[in-house]
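The primary structure of each chain is shown beneath.
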Amino acid sequence: MTQASENVVIGVIGGSGLYHLDNLTFVKYVNPDTPWGYPSSPITICSLPSGTSVAFLARHGPGHTITPSSVPSRANIAALKSLGVRVILAFSAVGSLREEIPPGTFCLPTQVIDRTKGVRPTTFFDGSVVAHASFGDPFSMKLVRWLEGEVGKALASDSRGVKLAVDKCIVCMEGPQFSTRAESLMYRQWGGDLINMSVLPEAKLAREAEISYALIATATDYDAWRPHTESVTVSEVFKTLQANAETSRHVAAKVLEGLNALAVQGDILSTEKGSMQYSIMPRSERQQGEDVAKLRFILPEYFPE
Ligand SMILES: CSC[C@H]1O[C@H](OP(=O)(O)O)[C@H](O)[C@@H]1O
Ligand SMILES: Nc1ncnc2[nH]cnc12
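All residue numbers refer to positions counted from 1 along the written sequence of the respective chain. Here the convention is simple: chains get letters from A, ligands get numbers from 1, in the order in which they are written. Residue-level local features of this predicted model are given only where pLDDT is at least 70; pairs of side-chain atoms are given and counted only at 80 or more, and the full residue set underlies all totals for whole chains, interfaces and linings. Water and hydrogen atoms play no part in the side-chain values, which are based on all heavy atoms of the structure.

Enquirer: Got a sec to walk through the pattern of salt bridges? Specific residues and values, please.
Expert: One side-chain nitrogen of Lys or Arg within 4 Å of one carboxyl oxygen of Asp or Glu is enough to make a salt bridge. The full count for this structure, using the stated rule, is 16 salt bridges. Here arginine 115 makes a salt bridge to glutamate 183, at a shortest N to O gap of 4.0 Å. Within this pair, whereas arginine 115 is found in strand E6 (residues 106-115), its partner glutamate 183 is found in helix H3 (residues 181-190), the two being separated by 68 residues in sequence. Categorising residues by exposure relies on relative accessible area from a 1.4 Å probe, with only protein chains included: less than 20% of the type maximum marks a residue as buried, more than 50% marks it as exposed, and the intermediate range marks it as partly exposed. Accessibility expressed as a relative area gives 25% for glutamate 183, which makes it partly exposed. The shortest N-O distance in the salt bridge between arginine 160 and glutamate 246 comes to 3.4 Å. With arginine 160 in the loop between helix H2 (141-156) and strand E7 (164-173) and glutamate 246 in helix H5 (residues 234-265), this pair connects stretches of sequence that are 86 residues apart. On the accessibility criterion, arginine 160 (35% relative accessible area) is partly exposed. Helix and strand definitions follow DSSP, with helices as H or I runs of at least four residues and strands as E runs of at least two, each counted in order from the N terminus.

Rendered as structure tokens:
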């Protein structure tokens, strides 16, 4: 296993349609081997105009060959953490469950409803070391509040006229098939505003690794709830995917410099950093050495040699 810190503080995860940040300067690829295997794709280290490096990872692989249920999220989060990443800005193509969120809208959700089906590993603590991370606020609220202003400004400076919706609730479903109309209507009744297949377990694992995580959800379709309208298809999603990816690259280029400065200064990390200290169940001689060694990879401060 390689645990070579690149002194990169910000990680970007790209979803459907967002397979690179080629508007930033390419530096190199790195491919950390983690106790949970290799990430979805080699990670691209890119530099911002100031020379600051950021890490980019394509969630479904560079050729979109990994289904949402098979994304190696533990390896992805562990690999980013091993490079030094403390903040993840994740992008996702999402369906809209609300008339007022048309395709093309960018959203910053603050809540999640879990409709995954237990087929994805959801924790780093599945061996003899047990932990219960707080997840009432599944996104880093300091990060989300900062992004509301900065993403809003970035979108206002772009010619596409994309709107930003805030304080939304995203449903994470098990794909790969899209929802039935009945499910889509039910999610609306539950208070869901958006739907995707990817935010979990990614957000949970980022929390366990004490990484501040926020999602920029980019709406591609109206899912299946609208009467007299065709339910979502991949060709529908593709109509907005490319434009959303270009806007995402514009947003990333605009916000990453400020985000890096804020992360280095530290306050934006303060809710997540240190949060696992009291989430890990007390030590016992029954904890296995190999489990402790794996956890040392993501949380070395709690599992010293
Ligand atoms: C291509 S439509 C369904 C697919 O798109 C989203 O992926 P991502 O979140 O990585 O942008 C959604 O979650 C599904 O995985
Ligand atoms: N309608 C939808 N349901 C789930 N994931 C999606 N990703 C994009 N659109 C989606």
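Enquirer: Give me the pairing of strand E5 (residues 87-96): which residues, what numbers.
Expert: For E5, a buried count of 9 out of 10 residues is recorded, marking the element as mostly surrounded by other parts of the structure. Strands are labelled as partners when DSSP assigns at least two bridges between them. One ladder, built from 4 bridges, connects strand E1 (residues 10-14) with E5; its direction is parallel. Note that in E5 the partner of isoleucine 10 across the bridge is valine 87. Bridge count between E5 and strand E9 (residues 212-221): 9 bridges; the pairing is parallel. For isoleucine 88, the partnering residue across the bridge sits in E9 and is tyrosine 213.

Enquirer: With reference to specific residues and values, describe the UniProt feature "binding site: substrate" (unreviewed entry) in the chain.
Expert: UniProt marks Met197, Asp221, Tyr222 and Asp223 with the feature "binding site: substrate" (unreviewed entry), using the numbering shown here. Here methionine 197 shows up in the loop between strand E8 (194-196) and helix H4 (199-208). Judged by relative accessible area, methionine 197 falls into the buried class, the value being 12%. Not counting residues up to four positions away in its chain, the partners in contact with methionine 197 are Pro68, Arg120, Cys172, Met173, Gly175, Pro176, Gln177 and Phe178. Inspection of the secondary structure puts aspartate 223 in the loop between E9 and H5. When neighbours within four sequence positions are excluded, aspartate 223 is seen to be in contact with Ser96, Leu97, Ser179, Ser184, Ile195, Glu230, Ser231 and Val232. A distance of 2.6 Å separates polar atoms of two side chains, one belonging to aspartate 223 and the other to serine 184. UniProt positions are given in the numbering used here, feature names are shortened, and annotations may be inferred rather than shown by experiment. Any two residues having at least one pair of non-hydrogen atoms within 4.5 Å are treated as being in contact. Under this definition, polar contacts are N or O atom pairs within 3.5 Å; protein pairs additionally need one hydrogen-donor-capable and one acceptor-capable atom, and for neighbouring residues in sequence, both atoms have to be side-chain atoms.

Enquirer: Outline the UniProt feature "binding site: phosphate" (unreviewed entry) in the chain, listing residues and values.
Expert: Following the UniProt record, one finds the feature "binding site: phosphate" (unreviewed entry) at Ser16, Arg59, His60, Ser92, Ala93 and Ser198. Spatial clustering of the annotated residues is evident: they stretch over 183 residues in sequence, but the largest pairwise C-alpha distance comes to 12.0 Å. Relative to the helices and strands, serine 92 resides in strand E5. Note on serine 92: relative accessible area 3%, which makes it buried. In this structure serine 92 touches Arg59, Asn196, Leu215, Ile216, Ala217 and Thr218, once residues within four positions along its chain are discounted. Side chain to side chain, serine 92 and asparagine 196 meet in a polar contact 2.8 Å long. Among the secondary structure elements, serine 198 is positioned in the loop between E8 and H4. Since its relative accessible area comes to 12%, serine 198 is described here as buried. Setting aside anything within four residues of it in sequence, one finds serine 198 in contact with Arg59, His60, Pro68, Arg120 and Cys172.

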